[in-house]
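Fold and geometry: a report
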Amino acid sequence: MSLFSTSPTGIFRRKPVDAIEPETEGGGLAPVLGLWQLTALGIGAIIGAGIFALAGTVAAQQAGPAVLFSFLVAGVVSLAAALAYAEFTSLIPRAGTAYTYGYAVLGEIAGWFIGWDLLLEYTAIVAVVGIGVSGYVGALVEQVGIHLPAWMLGAPTTGPGHVVDLVAALLCLLIAFLLTRGVRSAARVETVLVWVKVGIVLLILVVGVFFISTKNYVPFVPFGWGGVFSGAAIVFFAVFGYDALSSAAEESADARKHLPKAMLLSFAICMVLYVLACLVLTGMVYYKNIAPKGAFAHAFEGVGLPGIATIISVGAILGIVTVMFTFMFAVTRVWYAMSRDGLLPRWFSKVSPRHRVPTRVTWIVGIASALIAGFVPIGDAAELTNIGILLAFVVVCSAVIVLRYRHPELERPFRCPGMPVVPAIGIVGAIWLTIYLKPLTWVRFVSWFVIGLVIYAAYSYRKSLLGKRMQLTKD
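Conventions we followed
- Residues numbered from 1 in each chain as written.
- Predicted model: local features only at pLDDT ≥ 70, side-chain atom pairs only at ≥ 80, totals over all residues.
- Heavy atoms only, no water.
- Helix = DSSP H or I, 4+ residues; strand = E, 2+ residues; numbered from the N terminus.
- Buried < 20%, exposed > 50% of the residue type's maximum accessible area, 1.4 Å probe, protein only.
- Contact = heavy atoms within 4.5 Å.
- Areas by Shrake-Rupley, 256 points an atom, 1.4 Å probe, with all protein chains shown as cover.
- Patch = residues over 30% accessible without salt bridge, like charges linked within 9 Å, V, L, I, M, F, W, Y side chains within 5 Å.
- Salt bridge = Lys/Arg side-chain N within 4 Å of Asp/Glu carboxyl O.
- Lys, Arg positive; Asp, Glu negative; His and termini not counted.
- Charge placed at Lys NZ, Arg CZ, Asp CG, Glu CD.
- Core = buried A, V, L, I, M, F, W, Y, C linked by side-chain atoms within 4.5 Å.
- Phe/Tyr/Trp six-rings, centres within 6.5 Å; stacked < 30°, edge-to-face > 60°.
- Axes fitted to C-alpha atoms, helices over the stretch in contact; angles between N-to-C directions.
- Parallel < 35°, antiparallel > 145°, perpendicular 65-115°, else oblique.
- Left-handed = near helix turned anticlockwise from the far one by under 90°.
- Nonpolar A, V, L, I, M, F, W, Y, C, P; charged D, E, K, R; others polar.
- 1 Å grid on protein atoms, 1.4 Å probe; cavity = no way out; pocket = protein on both sides within 12 Å on 5 of 7 lines; lining within 4 Å.
- Points joined across faces, edges and corners; volume = space filled by probe spheres on them.
- Expected span 1.5 Å × (residues − 1).
- Bend = angle between axes of the 7 residues up to and from the residue.
- pLDDT = per-residue confidence, 0-100.
- Disulfide = S-S within 2.5 Å.

Observations regarding the overall build of the protein
- Looking only at helices and strands, one finds 17 helices and zero strands in the protein.
- Relative to its 475 residues, the protein shows a buried fraction of 61%.
- Long-range pairs, those at least 24 residues apart, make up 83% of the contacts in the protein between residues at least 6 apart in sequence.
- For the protein, the accessible area works out to roughly 17,300 Å², and carbon and sulfur atoms hold 70% of it.

Looking at a positive patch on the surface
- Where like charges cluster on the molecular surface, the positive patch consists of Arg-346, Arg-462, Lys-463, Lys-468 and Arg-469.
- Counting residues per element, the ones that place at least two in the positive patch are helix 16 (439-463) and helix 17 (465-474).
- With respect to the helices, strands and loops of the structure, Arg-469 is situated in helix 17.

Observations regarding the nonpolar core
- In this structure, Ile-51, Phe-52, Phe-71 and Phe-236 are the most contacted members of the largest nonpolar core, which totals 164 residues.
- Apart from residues lying up to four places away in sequence, Phe-52 is in contact with Ile-47, Tyr-136, Lys-197, Ile-200, Val-201, Ile-204, Gly-294, Ala-295, Phe-296, Ala-316 and Ile-320.

Concerning the pattern of salt bridges
- Applying the stated criterion to the full structure yields three salt bridges.
- The salt bridge involving Arg-13 is made with Glu-108; its shortest N-O contact spans 2.9 Å. Within this pair, whereas Arg-13 is found in the segment before helix 1 (35-46), its partner Glu-108 is found in helix 5 (residues 108-143), the two being separated by 95 residues in sequence.
- Given a relative accessible area of 0%, Glu-108 falls into the buried group.

Observations concerning the packing of aromatic side chains
- For the coordinates displayed, the defined rule picks out 23 aromatic pairs.
- Taken together, a centroid distance of 5.5 Å and an interplanar angle of 15 degrees make the contact between Trp-112 and Trp-116 stacked. Linking Trp-112 with Trp-116, this pair stays in helix 5, spanning four residues, or about one helical turn.
- Aromatic rings pair up to connect Phe-69, Tyr-217, Phe-220, Trp-225, Phe-229 and Trp-432 into one cluster.

Re the packing of helix 1 against helix 12 (residues 306-340)
- Interaxial distance between helix 1 and helix 12 falls to 7 Å at its minimum, and their mutual angle equals 110 degrees. The angle between the axes of helix 1 and helix 12 places the two elements in the roughly perpendicular class. As helix 1 packs across helix 12, the resulting crossing turns out to be left-handed. On helix 12, the residues touching Leu-41, Gly-44 and Ala-45 of helix 1 are Thr-322, Val-323, Phe-325, Thr-326 and Phe-327.
- Grouping the amino acids of the contact of helix 1 with helix 12 by side-chain chemistry returns five nonpolar, three polar and no charged.

Details of the layout of surface pockets
- Its boundaries defined by the atoms lining it, the second largest pocket holds a volume of some 330 Å³.
- Taken together, the elements giving at least two residues each to the lining of the second largest pocket come down to helix 5, helix 12, helix 13 (359-375), helix 14 (378-406) and helix 16.
- Here the lining of the second largest pocket is built from residues that sort into 17 nonpolar, one polar and two charged.

Comments concerning the packing of helix 3 (residues 67-91) against helix 8 (residues 224-235)
- Where helix 3 contacts helix 8, the two axes come as close as 8 Å, and the packing angle between them is 55 degrees. One way to sum up the angle between helix 3 and helix 8 is to call them oblique. Handedness of the helix 3/helix 8 crossing: right-handed. Residue-level inspection shows Phe-69, Ser-70, Phe-71, Val-73 and Ala-74 of helix 3 in contact with helix 8, the latter providing Trp-225, Gly-227, Val-228, Phe-229, Gly-231, Ala-232 and Val-235.
- Along the lines of polarity and charge, the residues of the contact of helix 3 with helix 8 split into nine nonpolar, three polar and no charged.

Structural notes on helix 16
- Taking 1.5 Å per residue as the helical rise, helix 16 with its 25 residues ought to reach 36 Å, and the 35 Å between its terminal C-alpha atoms agrees with that figure.
- Considering bend angle alone, the principal kink of helix 16 is centred on Tyr-456 and spans about 50 degrees.
- What helix 16 keeps buried is the set Thr-441, Phe-445, Gly-452, Tyr-456 and Ser-460.

Brief notes about the confidence of the model for the protein
- Confidence in the prediction of the protein, expressed as mean pLDDT, is 81, and 86% of residues score 70 or more.
- Taken as a whole, residues 22-26 scores under 50 in pLDDT and shows 13 contacts with residues more than four places along the chain or in a different chain.
- Per-residue pLDDT stays below 50 along residues 156-162; that stretch engages in six contacts with residues further than four places along the chain or on separate chains.

Some points on the state of the cysteines
- Taken as a whole and judged by the stated rule, the model has zero disulfides.
- Of all cysteine sulfurs, the one in Cys-416 lies closest to Cys-397, which takes part in no disulfide; the gap is 7.5 Å.

Re unusual backbone geometry
- Geometrically, the link from Val-218 to Pro-219 is a cis peptide bond, its omega value of -5 degrees lying close to zero.
- Here Pro-219 lies in the loop between helix 7 (183-208) and helix 8.
- Residue Met-419 is joined to Pro-420 through a cis peptide bond whose omega torsion reads 0 degrees.
- Note that Pro-420 resides in the loop between helix 14 and helix 15 (421-434).

Comments concerning a nonpolar patch on the surface
- Among the surface-exposed residues, Leu-170, Leu-173, Leu-174, Phe-177, Leu-178, Trp-363, Ile-367, Leu-371, Phe-375 and Val-376 lie close enough to one another that they form a single nonpolar patch of about 900 Å² accessible area.
- Contributions of two or more residues to the nonpolar patch are made by helix 6 (166-179) and helix 13.
- When residues of the nonpolar patch are assigned to their parent elements, the largest contribution, five residues, is made by helix 6.
- In this fold, Trp-363 is placed in helix 13.
- Judged by its relative accessible area of 36%, Trp-363 is partly exposed.

Regarding the environment of Ile-431
- Mapped onto the secondary structure, Ile-431 falls in helix 15.
- Between the alpha carbons of Ile-431 and Val-394 there is a distance of 7.4 Å; along the sequence they are 37 residues apart.

Okay, structure coming up:
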C-alpha cells in the first residue's frame, strides 16, 4: 500500500513515496555525502553573494545600517520554512526538494509549477552569485595594479560595444564542468572552500571591529521601515540555502537522520555570522559611501588595510563559488527528478555511468546561467530568484500542515515544532515579502508561469508516469 493516498485524479493526482524513485537510465544517484559534507553544502549555499555582494547593495540603497534588520526579518521567515523542510527531508528523502514535496502532498499540478519555478530561480541564483564574484575579481585585480576592461565585469561603458559580465559567465561554465566530474570529488572541493569562506568572515569580524565608528550608525534606519522590508525581500536570497541542500537527499548516506541536522546547523551558523558582518560593515563605512560591489574589500581599503582587502577579495571569490556549486547542483537535481517522473522528456534524466551525475542538464543549466550572468543586472536577477523561492516556501509550509493533518500516524524522525503556527508564519511572511518586490519582477515571473502552463498542458500531463500508472490500474 502506498504511503500517501493516490485517490485524486487528473491534475491533482498525488505521487506516492514508493513511486518517487523509479529506475533511471544509467543508474541512480550515488549516496556518498555524510553529515559534515551536507552541513558544508548548506553553509556553502547560504554564505556567499548575499553577504559579500548584496549586503553592500542593500545597505547603500535600501536600508542603511538597518540592513541588519533586513537579514533578521528574512531570517525569521526563512527559519519557519527551514523547520518545515527539515520535517519533509526526514520523511521523504528524495531528490527534487519542494517539487517532490508538493507532488506527494498537494498534487501533480502544484508539484509541476513549483518545479518549473525552481528551474528558473535556481538558475538565476547561480547567475546572481557569479555577478557577485565578478565584483570581487574587479576589486582584486585593481589592488594588484591590473585594470580589466569595464565590459568584462558588467560595468557600464561610455564607448561602443556591449556590456557583458564575462567573468561571471565563465564562472558559471566552470562550475558546470566541476559538477560533471562527480559529486564525491566536487563535494571535497566544496567542503575545503566553505571553511576558507567561514575563515574569511571571521577575519572580517575580528579585524573590522577595531575600525567601527558608532557615528556611522546614525541614522540607523535612514530609509524607514519600508526600506528595511524591501531590503529583506532582496537579502532573502542570502538565507535559504538549506532549500538547495534538501535536493541532496538521494546522495546522502543517511538522509533521514543527517539532512534535518545539517539544515538547522548551517542556518544557525550563517545567521550569526550575517548579523555580525552587517554590524561591522555599516560601522566601518557610512552607509552612503558603501561600495555596492566588493563592499568589504573596499571597506578595508578605506581604513588603510589593502592587504586585508586583498585577502577578503580572494576569500570572497573562492567562497562565493561554493554557492554557485550548491545551487547549480540543486537545479540539476530538480530537473532530473521532473524528467524521471515523465513531466519533462526522459532524455534529461540520463545519468553518466561513470560519474553517476545528470551531465546533460548540468551543461544546459551552466550555459543558461552564463547567459543570465553575462547580460542581466544583479538586482534584477536577485529579485527574480527571490519571488520563486518565496512561493516555494509557501508550498512547502502549506504541504507540511496538510500532511500532518492528513496522515498524523506517519513516523517523522524530525517534527516541525509549533504546528501549525510555525509553518503559518512561513506562509504569511513569504507572501508578505513578495509585496516588496518590483512589479517588473512579477511580470517576468508570470510570463515564465504561463510558459510552464502551456508545456504542462501540451506535454507533461499526457507523459506523466504517475498518470500512465493510474490509467493502467483503472483499465
